[in-house]
Amino acid sequence: PPEVAASCPCTTSTRFLPASARHPVLTKISIRMQSRGVLAFLGPAAVLAAVLFQQEAAAFAPSAVGKLALRPSSVNTRAGVPNFLRLAPKLRNAASPLKMAISDEAQIATTGGTGGFFTSSNSEDRRVSPENVNGRQKFKVVYVVLESQYQSSMAVACKRINVDQENVCVESVGYLLEELRNPETLQAFKRDVETANVFIGSLIFVQELAEKVVEVVEPLREKLDAVLIFPSMPDVMRLNKVGTFTMAQMGQSQSVIGEFMKKKRQENGASFEGSMLKLLRTLPKVLKYLPSDKAKDARSFMLSFQYWLGGSPENLEALLLMMANTYIYEDQNKIKAEEIAEPVLLPDIGVWHPLAPRVFEDSTEYNQWYDNEHAPVLGIDPKTAPTVGVILQKSHINTKDEAHYTSLIQELEARGSRVICIYSGGLDFSGPVEDLFTKGAVVPDSVINLTGFALVGGPASQDHAKAVETLARLNRPYLCAVPLVFQSFEEWKASELGLHPIQVALQVSLPEIDGAIEPIIYGGRDGLTGRTVPLPDRINLLADRALKWANLRMKKNKDKKLAISIFSFPPDKGNVGTAAYLDVFGSIHAVGKELRRQGYSVGDMPDNAEALMDAVLNDKEARVGSPYLNVEYKMSVDEYQELTPYASELEENWGKPPGNLNSDGANLLVYGKKFGNVFIGVQPSFGYEGDPMRLLFSKSASPHHGFAAYHTYLEKVFGADAVLHFGTHGSLEFMPGKQVGMASSCYPDRLINSMPNLYYYAANNPSEATIAKRRSYAATISYLTPPAENAGLYKGLKELGELVSSYKGLRENEARGPSIVNAIVAAAYSCNLDKDILDLPAEDADAKAMDLRQRDDVVGQVYRRLMEIESRLLPCGLHTVGVPPTAEESIATLVNIASLDRPEDGVKSLPRLLAESRDRDIEEVYRNNNNGVLEDVSFNQEITEAVRSAVRSLVERSTNSAGRVEQVSPMAGMMDKMQGGTPWKRALKDKGFNLEDSAMAQLFGYLEFCLRQVVADNELGALIDALDGKYILPGPGGDPIRNPDVLPTGKNMHALDPQSIPTSAAVDCAKVVVERLLERLQADNGGVYPESIAFTLWGTDNIKTYGESLAQVLQLVGVRPVPDSLGRVNKLELIPLEELGRPRVDTVVSCSGVFRDLFINQMNLLDRGIKMAAEADEPLEMNFVRKHALEQAEELGVSLRDAATRVFSNAAGSYSANVGLAIENGGWEGEQQLQEQFISRKGFAFNADKPGMMEAAGDVFRSSLSRVDCTFQNLDSSEISLTDVSHYFDSDPTKVVAGLRTDGKKPMSMIADTTTANAQVRSLSETVRLDARTKLLNPKFYEGMLSTGYEGTREITKRLRNTMGWSATAGEVDNFIYEDANSVFIEDEDMRKRLLESNPNAFRDMITTFLEANGRGYWETSEENLDRLRELYQDVEDRIEGVM
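These numbers were taken from a predicted model, which means no experiment stands behind them.

Leu450, Ile566, Ile680, Phe726 and Tyr760 are the most contacted members of the largest nonpolar core, which has 193 residues in total. Not counting the four nearest positions on each side in its chain, Leu450 is found in contact with Val390, Ile391, Leu392, Tyr405, Leu408, Ala481, Pro483, Tyr522 and Leu542. The next biggest cluster of nonpolar side chains, apart from the first, holds 97 residues, and it includes Val862, Ile1311, Leu1346 and Tyr1418.

Here is the structure:
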């Protein structure tokens, strides 16, 4: 076609596809443009005509194709005929994937030049200059765009002007927004604008780059003849200049329009954009007849916007000619008015197909054409074929940059699927989805959004609630694929990072909030032409996965095959079914029952969880007499190699198959058990857990042969229609590969391949769930963590509490009071509280020598510590999927919800209301409580008891006889008035507080809503919906106490918009914590401020708290986050020292791999903030960031800016320091190895000047850590504490810093605890003791765990092992913790028997941990204890091996 030939620098020679092939069907071709080695995709008009008419390839004569060189793929041929030319009459059998558009050996051009950091493209490739001016007037146009699809149309438009116009010619040059990060490119841009007549900008929504555009264009605005800015940041929009028209004038002069827009926005959310587009169509016609210059200029702007939206070369040519005629050469008649065409626009909303005769505005008409004309030619039966709905971006259709769309359509149709593609002229797709899909003639079976944007609002502002409502009504799986915008294909392919961070924020994070799944890259930008080219293997995968989801909708339940994957970590029989706080086998049993009820074939699945577990573990003997799990399938090496395309690539790490893991020496073993069409399999572990050298040196390792064989079995032997990963978390999503935007070489992508991946994930862990969503294409289903209870007091602590109660009644009795104080002091020592109360009197001190105030101070300190233990929340037992909490179990959660202020909702906490009823400020009560003031420790406990009583009364009113909440009763009623008020008012009165119901109405209304959420449940319902091919409602993950919207569970969990944090509330909370941290450090260090703090950042914590710990780092260095004009947090300002009132504290930030993946934009923010502080010209004694950076610059021979690098993490695609792995498996030589692992794996720096690149920076990491005075982490949730998971000690650098400091001084270690309204800062050792007392040593905790049997024993052992982890990394575990644990679990014969019978493998690991703790010098104990442990170990070993 002429338009293709005009825009492509093609070769002069043409080679044709073989004409000898009998009746070939030309389904696709590759086009090599030898100029600069670039590839382009032939437009659909010529290519697909052959599909329709089954013409010989030779029929394409040079006159029809132009200068295009056609050639077949060189691979996958049969009998000399390429796959894509095989005979396929009417394409009835064209089900094989089509390797479309780019041949395997294709090289996408990426040229050099002054490209940006994320693109090697060159603005010079977008420069068009007239070859011959010939006395014509030349004008210049400079444009900046977010995406590159306008490049080709603009080039063609300018070339046409230069050929056709007699009096004018044009020079144009375009810049991609991201290129402006490069200083050289920015200078080139500035030079171009200085000599330009017209500047055009569109979709400039990246704040820091928008500032650069404004910085360049604003000073030149008056000099420019016209400035056209289409939807962008407000500061950029204000640059608009079209004659007398500006955006401000538009708002003033067209107030009726402004009011109309405002009204529509209020009425209809983001749908007002549709009305704006209609206005855009009609307004120029109206303004045309108005005489004023302002109306003329406004019309010109509106016409310009129409031309721009039209996007075609014809529209852009008319745009440039109109601007030249009207504003550059005004009244000179350089261009004839009749030569300036009116805008040619497609309908604002429509159904598009590359072979359709037109764009349809009605789905009924489209389906008639498709079913009657198109489908028969393709051999598609409309009655039985699945239908895939596709959402497109109109600008790509306007600019004829739709090759990637056409490619996917072909792949879907080649697999026998119907396709319906819709678009919207704006960025609100809810209307088209509702009208053309949900209410359309044919409702799709699955939907793919190819725009990459949120369904409503695009990159600027979103209406997620409206999107979710729309998608819920559609009720189909919703995939959101991503085109590369800021990278060329080759750059993405070579990048360890994967997708550009800004794209992750805009086109992955935001669609996830809509409920989107599977962010698969499907199109890449050609670095030379700017056109989008399809990525064949990615499009094949996307087509396969969309149809697999559609298949779930169409297939009968009895025929569906489900593979359930359970995890085993560390690899040991006692750990099969590892999942955070989940009773895995009990939950699988619950799922099996529901599947049977829904008509699935589950064979002879046992009718209880114990028997199910035995079947998977082989039988009873598997836990006792056999070292092997049940083997479901033996895969020969030949079969493995045939079915696993990448098998040979694993040999570098693991040698020839079958290897030693999941192998019997001859075959690869798949562990698990099949029940009808349900397979329960044990996912293999990483494979390198016991190899210290791999842990130390390997950035990542490929999966072993057994791991690959397991997933090959699921897909290609068992034939799973879907996979259900059971519980938080497995290893698939953490396999090597890109962070986001997987390639076919990434192992998560290879392993899951085309199988829909459902994943039960703990509701409190959205960050790792997000990794699973992005790297293994998981559709997550959240499950509840176990109900929380107050830890309570037990044994000696309980007796101590009784003594305190006695003292409070007799404190003024000079005979009894002192003796009780003496007993309290003695009991405190016996409970090891002296380690927490540093000024506790000596055991031989006599309280008779103290006055009343001194005695109160002693008792107040003890009482405060007791209440800290008693009121701490701990999850009890394990959760079973589909079993909501009882009424009793929901009380503790509601108490904590009631105890938090929620200023955003205008809700005061109940403790605050109770304090105010006594004319007290709750903050003062908390402060005095923390300082051990007896009166306020008692008052705080009085408030706590009153809150519990009031909440209990609320819950009991809605509790049935079975102890469950079925329907929350109305909050107010006649009975309340007759009985003197609500039950909670009466309960508070009984506790001595008088509050009117009116004062509590808002709070208790909120609590009733929360109660409904807590006891609701859709965990099984969501799974069945997903297996039926339905939409899973999305919801946030996090702490249900902070954010009750996390409930009810059974949601497709998402994180948050990364550009929304830290929120202003998080910044306020961060200030409080930083103040308390610095106060504590000063108090412990003679009043001296710390100069440097090593700070650990976690992904989940920042999601739960909306960026509190992120804000803490900024507060420490004295930098304030500032929202931009769209409310996104991506600007910073230095807090003046006068306002800060203290020195800036240097902060070395270690980000978890998950934080790096989710919040790389915030890493940019941190790096910029810290370097801003380092470059501030301030006294060194008031700016420790600058002080240390100057020292390091000299020490390392680098610039000050590089020396101020402080933001570190793992290399891209790598996670954790592997310290936890080493400790969990015992595979470590000594602490030096752990410290080296930490530095080598976490020493990759983020640089805001080269955003997104994680560069090895071990020298500056070591140098920065060597100056650290304190290590610091946050605890934000009662559900996960220091010993619940290995992550916390894995990332703790305390002993690393001690080893690096030149003075040998061990740094202080602090933990901030924001799990309650009364935020605390404690030392690490205090926190470990508190954790041990409330969990490991607490009968309420370990009895709750033991009640669940097999999994519970493993959970207890895990906490002991994690406790030892803190000994290894920080040396902050007291001897009494090991001693008391030994007393509880080893000395007690009955306890030993229970542990052995429930999980002998886990019990053996417990014994091993005790012996290892002693052997490594962390626990001093008697020889009697050690002999008992050694003897027990041998007995358990013999029992496991079947000797006994």
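Resuming the write-up.
Let us look at the sheet that holds strand 19 (residues 562-567). The mixed open sheet is built from 7 strands, whose spatial order is 20-21-22-19-23-24-25. Of all strands in the sheet, those bounded by a partner on one side alone are strand 20 (631-636) and strand 25 (778-783). Averaged over all pairs of adjacent strands, the angle between strand axes in this sheet comes to 30°, irrespective of strand direction. Pairing between strand 21 (residues 667-675) and strand 22 (residues 678-683): 4 bridges, direction antiparallel. When the bridges of strand 22 are listed, Lys674 appears paired with Phe679.

Moving on: unusual backbone geometry. Where the residue is not glycine, phi is negative for most of them; where a peptide bond is considered, it is trans in most cases. That bond from Pro657 to Pro658 is cis: its omega, 15°, falls within 30 degrees of zero. Tracing the backbone through its elements, the reader meets Pro658 in the loop between helix 25 (651-654) and strand 21. For the bond running from Leu1047 to Pro1048, omega is -10°, close enough to zero to count as cis. Position of Pro1048 relative to the elements: it lies in the loop between strand 28 (1034-1036) and strand 29 (1052-1054). Look at Asp919: it is not a glycine, yet its phi comes out positive at around 60°. For Asp919, the location among the structural elements is in the loop between helix 34 (910-917) and helix 35 (922-930).

Bringing helix 17 (residues 464-474) into the picture now. Taken together, the buried positions of helix 17 are occupied by His464, Lys466, Ala467, Val468, Thr470, Leu471 and Leu474. Phi turns positive, to about 60°, at Asn475, one or two residues after helix 17.

Rules used throughout
Counting starts from 1 at the beginning of each chain's written sequence and moves along it residue by residue. Predicted model: local features are reported for residues with pLDDT of at least 70 only, side-chain atom pairs are reported and counted for 80 or more only, and whole-chain, interface and lining totals are derived from all residues. To obtain the side-chain values, all non-hydrogen atoms of the structure were included, while hydrogens and water were left out. Throughout this description, the term nonpolar core refers to a set of buried Ala, Val, Leu, Ile, Met, Phe, Trp, Tyr and Cys residues connected via side-chain atoms within 4.5 Å. Here's how the labels work: a residue is buried when its accessible area is under 20% of the maximum for its type, exposed when over 50%, partly exposed in between, all with a 1.4 Å probe on protein chains only. The contact rule is simple, with two residues in contact once any of their heavy atoms fall within 4.5 Å. When DSSP locates at least two bridges between a pair of strands, those strands are taken to pair. Numbering of helices and strands starts at the N terminus; helices are DSSP runs of H or I of at least 4 residues and strands are runs of E of at least 2. The convention used is that axes are lines fitted to C-alpha atoms, helices contributing only their stretch in contact, and that angles between N-to-C directions extend from 0 to 180 degrees.

So, to be careful, I would describe these as geometric facts and stop short of saying anything about function.
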